[in-house]
Structures are given as structure tokens and as C-alpha cells.
Amino acid sequence: DPRHSGERDARKMSKLAKEVYIVAAKRTAFGSFGGSLKHLSAVELGAVAAKGAVAELPSADIIDSVIVGNVSQSTTDVAYLARHVGLKAG
């Protein structure tokens, strides 16, 4: 029934929200254009942060998703940044 689809979607989102946990988080340093971090790609910087976050966990086995935020896409390898970071971080 289309009249109740909003209620059904709300129930689904409520269930989903109960099953998602942020288990660790890290961020990279701020850099300036052409500065000391210019030799590192967004993927490499993200992998450093991800490895730091994973190091705080009792086991990496609890991770099934990687979420990465990025201000701007600077190269073609950041099209799937979270996937690339997760793979590079191990």
C-alpha cells in the first residue's frame, strides 16, 4: 500500500540504525596544496588513518564496511576511495 510506504521505510531505517556501529575512527592531518603531504595520494593517507583505527580494535574481524570521507577528488583512484583504502589498509 503506497499510503504506508513511509512507515515501512521508517521501520527499515530504525532496524538498520540499530545494527550499525562505529568501532573506530581516525583522521588524517591537514595539509596545504603542494605542502609536505603532496607525495601521498588520498588512498595512501586514508590507509594510514585506517590502519591506526584498526590498531585500536581487539580484532579486525568485526569490520565488514569501510566509510571514508573526502573533500575533493583529485585523482582517478579516489572514485572508490573507501574500497581502495580498505584494501590498502589490509
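Before going into details, it helps to say that this report is about the structure given with it. (Residues numbered from 1 in each chain as written. Predicted model: local features only at pLDDT ≥ 70, side-chain atom pairs only at ≥ 80, totals over all residues. Heavy atoms only, no water.)

1. Concerning the pattern of salt bridges
In total, this model carries one salt bridge according to the counting rule given. E56 is the partner of K26 in a salt bridge, and the nearest nitrogen-oxygen pair spans 2.6 Å. Placement of the pair is K26 in the loop between α1 (5-19) and α2 (42-55) and E56 in the loop between α2 and α3 (81-89), with a sequence separation of 30 residues. (Salt bridge = Lys/Arg side-chain N within 4 Å of Asp/Glu carboxyl O. Helix = DSSP H or I, 4+ residues; strand = E, 2+ residues; numbered from the N terminus.)

2. Notes on the nonpolar core
One finds A42, V43, A50, V78, L81 and V85 forming the largest nonpolar core, which totals six residues. At the level of elements, α2 and α3 are the ones that each hand at least two residues to this core. Per element, the largest residue contribution to this core is three residues, and it comes from α2. Setting aside residues no more than four positions away along its own chain, A42 makes contact with V78, L81 and V85. (Core = buried A, V, L, I, M, F, W, Y, C linked by side-chain atoms within 4.5 Å. Buried < 20%, exposed > 50% of the residue type's maximum accessible area, 1.4 Å probe, protein only. Contact = heavy atoms within 4.5 Å.)

3. Quick notes on the packing of α2 against α3
Taken N-terminus to C-terminus, the directions of α2 and α3 make an angle of 55°; their axes are 8 Å apart at the nearest point. Here α2 lies oblique to α3, going by the angle between them. In the crossing of α2 with α3, the sense of the turn from one axis to the other is right-handed. Contacts between α2 and α3 involve A42, V43, E44, G46, A47, A50 and K51 from the former and L81, H84, V85, K88 and A89 from the latter. For the contact of α2 with α3, the class distribution of residues is seven nonpolar, two polar and three charged. (Axes fitted to C-alpha atoms, helices over the stretch in contact; angles between N-to-C directions. Parallel < 35°, antiparallel > 145°, perpendicular 65-115°, else oblique. Left-handed = near helix turned anticlockwise from the far one by under 90°. Nonpolar A, V, L, I, M, F, W, Y, C, P; charged D, E, K, R; others polar.)

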